[in-house]
Amino acid sequence: MDPMEVLTNFSQLEAFLQPIFSADEHIVIGYEILGRYKTDKGYESLGPFFSDHSVPEEYRIDVDNIILEQALAKLADQEDECFIFINRDPHLLMYDHGEGFLEIIKRYFPEQKMHRIVLELSEKSFSGNMESLLHLLTYYKTYGIKIAIDHLGVDSHLDRISAISPQILKISLDHLKMQRWDTFADTISLWGELSRKMGATLLFENIETVYQLQFAWRHGGRYYQGFYLAQPSPAAIGRESLKERFKRECHSFIDSEKMSLEKKYDEKKKLQLELERCVRKSRAASGERQPLLELAKMLESYAFRLYVCDEDGFQKSPNFLKTNQGWSIQEHYIDKNWSWRPYFLKTIIKMRNDQEGFLSDSYSDIETAQTIRTFSLPLRDNEYLFIDISYEYLYEHNIF
Ligand code: CA
């Protein structure tokens, strides 16, 4: 795209609106404003124009503002008062200390309606003064303007994001084409955790298939955007235009998720009962090797490692580790302390109070790097048995 062509043909600029849907009501809750340029072959995205740093800042701001005003004219008087997601390059926003942007918003909205504005920013490439940007965003927030972090990715600065304290985090599902789903799911879980801590809402964009929609739903997405739901277009669409279809699809997600959770629950219960039965049958205690070794053999098809700790996390028995040659006893683990491990003391307190076994979430074992779970249960006074369940068992029974 030739920037000069854009700059000499403002009449060819058109604000497109891409609907954003919500999972709680299955309706359109907002629109992201996207800049388009009309050519003989149809509309082209203005993305490349905005990221072209050879175009002087003033000109890019001009074009940005023309698109913004067009969109606000389309949306400001809407009855359903949906949110309006506005992309801004933080660098261009700071060019006039954020005043130009606020002036335009004020022209279209009285102060009590400014909560409809969501400012989308990407912090990644911002090289200006962070303090000033934060100051401006805090000022915007006093008007009720919301902040969304755009293009969340592996290269995002978590410290900046938590300083900005956005209300919305936008995650693109583009990644699903390039990355493995399971690795991506781990990253998403971390962002989900971060958003919960910050009180932010997850918005998934670039949803192009029903599988991506399901992925977004399963990973805590409240808002959704993408071709699969609705293409960007010059006009707003009916608020409920997708309601029935979206609701139906969500229902099928709910059904299949419930079924899968039910299956997992049964498998986990079965495993716990079986492990508890074996332990009760044995006379396992920390001081004696033989009963523990016998127990290890009984648990062979489930576990690859077991050991006993006291309630402060000091290991009271050796490790019993399954190898190709049978069970090996690793004496040097005695007296090591595990209280520093996440959830360790929490699990001990739970076991001590409930006097029953506990199956951990799955996690990556520091020695084998494999995904495992640990089943722990109180053995006797101040002794707790830890049984590490093998990856093979978890995989076979689908209880990662
Ligand atoms: Ca955006």
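Values in this document were obtained by computation on a predicted structure and should not be read as measured data.

Caption draft 1: Structural context of the packing of aromatic side chains. Evaluated as defined, the whole model comprises 15 aromatic pairs. Relative to Phe246, the ring of Phe21 has its centre 6.1 Å away and its plane inclined at 90°; by these criteria the two rings are edge-to-face. Taken together, the positions of Phe21 in strand E1 (residues 13-22) and Phe246 in helix H11 (residues 243-281) put the pair 225 residues apart, joining distant regions of the chain. Comparing Phe21 with Phe246, the two get one shared label, buried. A centroid spacing of 5.7 Å and a plane angle of 45° characterise the contact between Tyr391 and Phe400, whose relative ring orientation is tilted. On the accessibility criterion, Phe400 (33% relative accessible area) is partly exposed. Taken together through their ring pairs, the aromatic side chains of Phe21, Tyr224 and Phe246 make up a single cluster. The ring of Tyr333 carries Lys336 above its face, with NZ or CZ at 5.3 Å from the centroid.

Caption draft 2: Here's a closer look at a negative patch on the surface. Residues Asp2, Glu5, Asp40 and Glu44 make up a contiguous surface patch of negative charge. With respect to the element layout, Glu5 can be found in helix H1 (residues 3-8). Assessed through its relative accessible area of 39%, Glu5 is described here as partly exposed.

Caption draft 3: Here's a closer look at the coordination of the calcium ion. Ligation of the calcium ion by protein atoms is provided by Glu32 (OE), Asn87 (OD1), Glu120 (OE) and Asp150 (OD), these donors lying 2.2 to 2.4 Å from the ion. Counting the intervening residues between successive donors of the calcium ion yields the motif E-x54-N-x32-E-x29-D. On the criterion of sequence distance, the pair formed by Asn87 in strand E4 (residues 83-87) and Glu120 in strand E5 (residues 117-121) is long-range, its members being 33 residues apart. Relative accessible area serves as the criterion here: at 23%, Asn87 is assigned to the partly exposed category.

Caption draft 4: Focus on the confidence of the model for the chain. The predicted model of the chain has a mean per-residue pLDDT of 93, with 99% of residues at 70 or higher. Ranking the helices and strands of the chain by mean pLDDT puts E4 first, with 98, and helix H8 (residues 175-178) last, with 58.

Caption draft 5: Spotlight on the side chain of His219. Within the element layout of this structure, His219 appears in the loop between helix H10 (210-218) and strand E9 (221-224). With residues up to four places along the chain from it excluded, the contact list for His219 reads Ala185, Ile188, Ser189, Leu202 and Phe204.

Caption draft 6: The arrangement of the nonpolar core in detail. In terms of nonpolar packing, the biggest core is built from 73 residues, with Ile33, Leu46, Phe101, Leu119 and Tyr140 touching the most fellow members. In this view, Leu119 contacts Ile86, Arg88, Leu93, Phe101, Leu137, Tyr140, Ile145, Lys146, Ile147 and Ala148; residues no more than four positions away in its chain are not counted. Counting residues in each nonpolar core, the second largest holds 25 residues, with Ala284, Phe320, Phe375 and Leu394 among its members.

Caption draft 7: Just the pairing of E1, in detail. Among the 10 residues in E1, nine count as buried, and that is most of the element. When E1 meets strand E2 (residues 28-39), the two strands line up antiparallel, connected through nine bridges. Considered in E2, the bridge of Ala15 is made with Gly35. With two bridges connecting them, E1 and E9 associate as antiparallel partners. Within E9, the residue paired with Ser22 across the bridge is Tyr223.

Caption draft 8: Region of the structure containing the side chain of Gln18. Summarising the element assignment, Gln18 is placed in strand E1. With a relative accessible area of 8%, Gln18 lands in the buried category. With residues near it in sequence (within four places) discarded, Gln18 still touches Gly30, Tyr31, Glu32, Leu34, Gln225, Gly226, Phe227, Ala230, Gln231 and Pro232.

Caption draft 9: Representation of the pattern of salt bridges. Under the criterion given, the structure shown has 22 salt bridges. As a salt-bridge pair, Glu205 and Lys170 come within 3.4 Å of each other at their nearest N and O atoms. On the criterion of sequence distance, the pair formed by Glu205 in strand E8 (residues 201-205) and Lys170 in strand E7 (residues 168-172) is long-range, its members being 35 residues apart. The exposure class of Lys170 is buried, given its relative accessible area of 0%. A salt bridge links Arg196 to Glu193, with the nearest nitrogen and oxygen atoms 3.0 Å apart. Here Arg196 pairs with Glu193, and both are found in helix H9 (residues 181-198), just three residues apart, close to one helical turn. According to the relative accessible area criterion, Arg196 is exposed, its value standing at 59%. Each of Glu32, Glu120, Lys170 and Glu205 takes part in one network of salt bridges that share partners.

Caption draft 10: Structural context of the packing of helix H3 (residues 57-75) against helix H5 (residues 99-108). For the pair H3 and H5, the least separation of the axes is 10 Å and the interaxial angle reads 20°. Put simply, H3 runs roughly parallel to H5. Of the two possible hands of crossing, H3 and H5 adopt the one that is right-handed. Side by side, H3 and H5 meet where Asn65, Leu68, Glu69, Leu72 and Ala73 of the first sit next to Phe101, Ile104, Ile105, Arg107 and Tyr108 of the second. Looking at the contact of H3 with H5 residue by residue, the class counts come to seven nonpolar, one polar and two charged.

Rules of the game
- Residues numbered from 1 in each chain as written.
- Predicted model: local features only at pLDDT ≥ 70, side-chain atom pairs only at ≥ 80, totals over all residues.
- Heavy atoms only, no water.
- Phe/Tyr/Trp six-rings, centres within 6.5 Å; stacked < 30°, edge-to-face > 60°.
- Helix = DSSP H or I, 4+ residues; strand = E, 2+ residues; numbered from the N terminus.
- Buried < 20%, exposed > 50% of the residue type's maximum accessible area, 1.4 Å probe, protein only.
- Lys NZ or Arg CZ within 6 Å of the ring centre and 35° of its normal.
- Patch = residues over 30% accessible without salt bridge, like charges linked within 9 Å, V, L, I, M, F, W, Y side chains within 5 Å.
- Areas by Shrake-Rupley, 256 points an atom, 1.4 Å probe, with all protein chains shown as cover.
- Salt bridge = Lys/Arg side-chain N within 4 Å of Asp/Glu carboxyl O.
- Lys, Arg positive; Asp, Glu negative; His and termini not counted.
- Charge placed at Lys NZ, Arg CZ, Asp CG, Glu CD.
- Donors = N, O, S within 2.8 Å, 3.2 Å for Na, K, Ca; no water.
- pLDDT = per-residue confidence, 0-100.
- Contact = heavy atoms within 4.5 Å.
- Core = buried A, V, L, I, M, F, W, Y, C linked by side-chain atoms within 4.5 Å.
- Pairing = 2+ DSSP bridges.
- Axes fitted to C-alpha atoms, helices over the stretch in contact; angles between N-to-C directions.
- Parallel < 35°, antiparallel > 145°, perpendicular 65-115°, else oblique.
- Left-handed = near helix turned anticlockwise from the far one by under 90°.
- Nonpolar A, V, L, I, M, F, W, Y, C, P; charged D, E, K, R; others polar.

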